[in-house]
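These are the residues of each chain, in order.
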Amino acid sequence: MHSFANPTRFLRLTRALQPWAAGVALVCLAAGLYFSLFASPADYQQSETVRIMYVHVPAAWMAMFCYVAMAAGSASFLIWRHRVADLVAKATAPIGASFTFLALVTGSLWGKPMWGTWWVWDARLTSVLILFFLYLGYMALYNAFDDQARGARAASVLALVGVVNVPIIKFSVDWWNTLHQPASVVRLDGPSIHPSMLTPLLLMAVGYTAFYAWVLFLRVRTEFAAEKIRALRFRQAAVPPARELKSQEG
Amino acid sequence: MNSATALLRRELRLAFRQGGDSLLVVMFFVLVVVLFPLGVGPEPGILARIGGGVIWVAALLAAMLSMDRLFQTDYDDGSLELLVLAPAPLEVLVLAKVAAHWLTTGLPLIIVSPLLALLLNLSPSGYGVLAAALALGTPSLSLIGAIGAALTLGARRGGVLLSLLVLPLFIPALIFGVSAVDAALLDLNSRPPLLILGALLLLALALCPWAAAAAIRQATE
């Protein structure tokens, strides 16, 4: 694991994996969308509205997955001072926030015809909203300091504090009587959802995960490039460019 | 332990001599609550219905208001670095500072809360539970707020950022605090929400000093 803390090795890995992640994401999302929008049955209770679920559920999974990834990156940054881990956490935050936002919006669009309201204050919805605020707080704290290293450390501590919320989101549907339905895919006695609906759901989940990896690799490489540019600028500011020196000599 | 009590005494003495802070927080608390009858209309039924929630939200905001001064003054004059270097564990010192913060800002809120309940036409059966819920809830607020205060040390626009970070984490205490008061007003059993508030306090007491101490260490690094 620690060998990937070497930025050069990590960058080489991301460069190799990025096209694969992009390919898997595009194929799975295309197939998943086809299955979920056309080739799957409408629900006997929810009719066509059930198709929102194929966008909503993987987004909600990814919202939590991204937070755990961000917290893991923050932890390894705080413990071993791996710069790569910090950049992974930093790059994950906006992606995770977008997934959370997508889950909240699609859930609300589904809730209007099904529950008759855009929003209810039950435990699941409230805890996901807190998750969204945690993402926003992380990003705001990261950029709140003049010294970037200080922002990175403070935001990492915040990411770890927010981990408390993850089990609350997961188990909120079991601990409280929520309007939100309990888990139907990941459960001990096997999924309680019909294979014709499970296939597109899993395809979408794989597609979302690959999409996350794709964007994450892209963002981490951009961060490294930005850091390199900043270092070059500093060097340029410190030493006058060679061409000007030459012209002065001439 | 000695240094913790010494720190607690220093904080309390500072608060007493400078006055100000506790009184300001209480005045803010009272003013926010007074705004509600003017805002939603003075009808007694409505006020009695929303009173518990209004008092809790006002307590949350009042706790927020004094939070950014928890470590900031010590950070500015450098004594925070001395606390970090002190032989006593930083977690215990953080706990002492949080205790002082609660004694100077949380406790006065609890003392004036029955008066506000009176203004909001809450039925007297709720007074005791309201005070008990605040007594269990406000220490958690101070503890959670300490993390945010330590994280935003030296940040640009630290105060606004602090509320963005900390208010979402206050939500559990708010939910169970209000449901305890509501249960008492509806003659239901208010024990379960009070027990959960107590559990939240124990959890915050166990975890928050560590997180706040870690945040202070990285701020003074």
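Residues numbered from 1 in each chain as written. Chains lettered and ligands numbered in written order. Predicted model: local features only at pLDDT ≥ 70, side-chain atom pairs only at ≥ 80, totals over all residues. Heavy atoms only, no water.

Undergrad: If you had to explain the overall build of chain B to someone new, which residues and values would you point to?
TA: A tally of regular secondary structure across chain B gives nine helices and zero strands. Starting at the N terminus and walking to the C terminus, you meet the elements of chain B as α-α-α-α-α-α-α-α-α. Relative to its length of 221 residues, chain B is compact, with a C-alpha radius of gyration of 18 Å against a globular reference of 17 Å. Across its three principal directions, the C-alpha atoms of chain B cover 55 × 30 × 30 Å. Considering chain B as a whole, with its 221 residues, one finds that 50% of them fall into the buried category. Total accessible area on chain B stands at roughly 10,100 Å², and carbon and sulfur atoms take up 72% of it. Here chain B contributes 11 positive and 12 negative side-chain charges, whose respective centroids are spaced 4 Å apart. (Helix = DSSP H or I, 4+ residues; strand = E, 2+ residues; numbered from the N terminus. Rg over C-alpha atoms; globule rule 2.2 N^0.38 Å. Buried < 20%, exposed > 50% of the residue type's maximum accessible area, 1.4 Å probe, protein only. Areas by Shrake-Rupley, 256 points an atom, 1.4 Å probe, with all protein chains shown as cover. Lys, Arg positive; Asp, Glu negative; His and termini not counted. Charge placed at Lys NZ, Arg CZ, Asp CG, Glu CD.)

Undergrad: Account for the packing of aromatic side chains, with residues named and values stated.
TA: Residue and element names in this part refer to chain A. Across all of its chains, the model carries 11 aromatic pairs over all chains by this definition. Ring centres of Trp-110 and Trp-115 lie 5.5 Å apart, and the angle between their planes is 85 degrees; on these two criteria the pair is classed as edge-to-face. The buried category is assigned to Trp-110, whose relative accessible area is 12%. A centroid spacing of 6.0 Å and a plane angle of 85 degrees characterise the contact between Phe-211 and Trp-214, whose relative ring orientation is edge-to-face. Of the two residues, Phe-211 and Trp-214 both sit in helix H7 (residues 195–238), three residues apart, roughly one turn of that helix. An aromatic cluster is built from Tyr-34, Phe-35 and Phe-38, whose rings are joined through pairwise contacts. (Phe/Tyr/Trp six-rings, centres within 6.5 Å; stacked < 30°, edge-to-face > 60°.)

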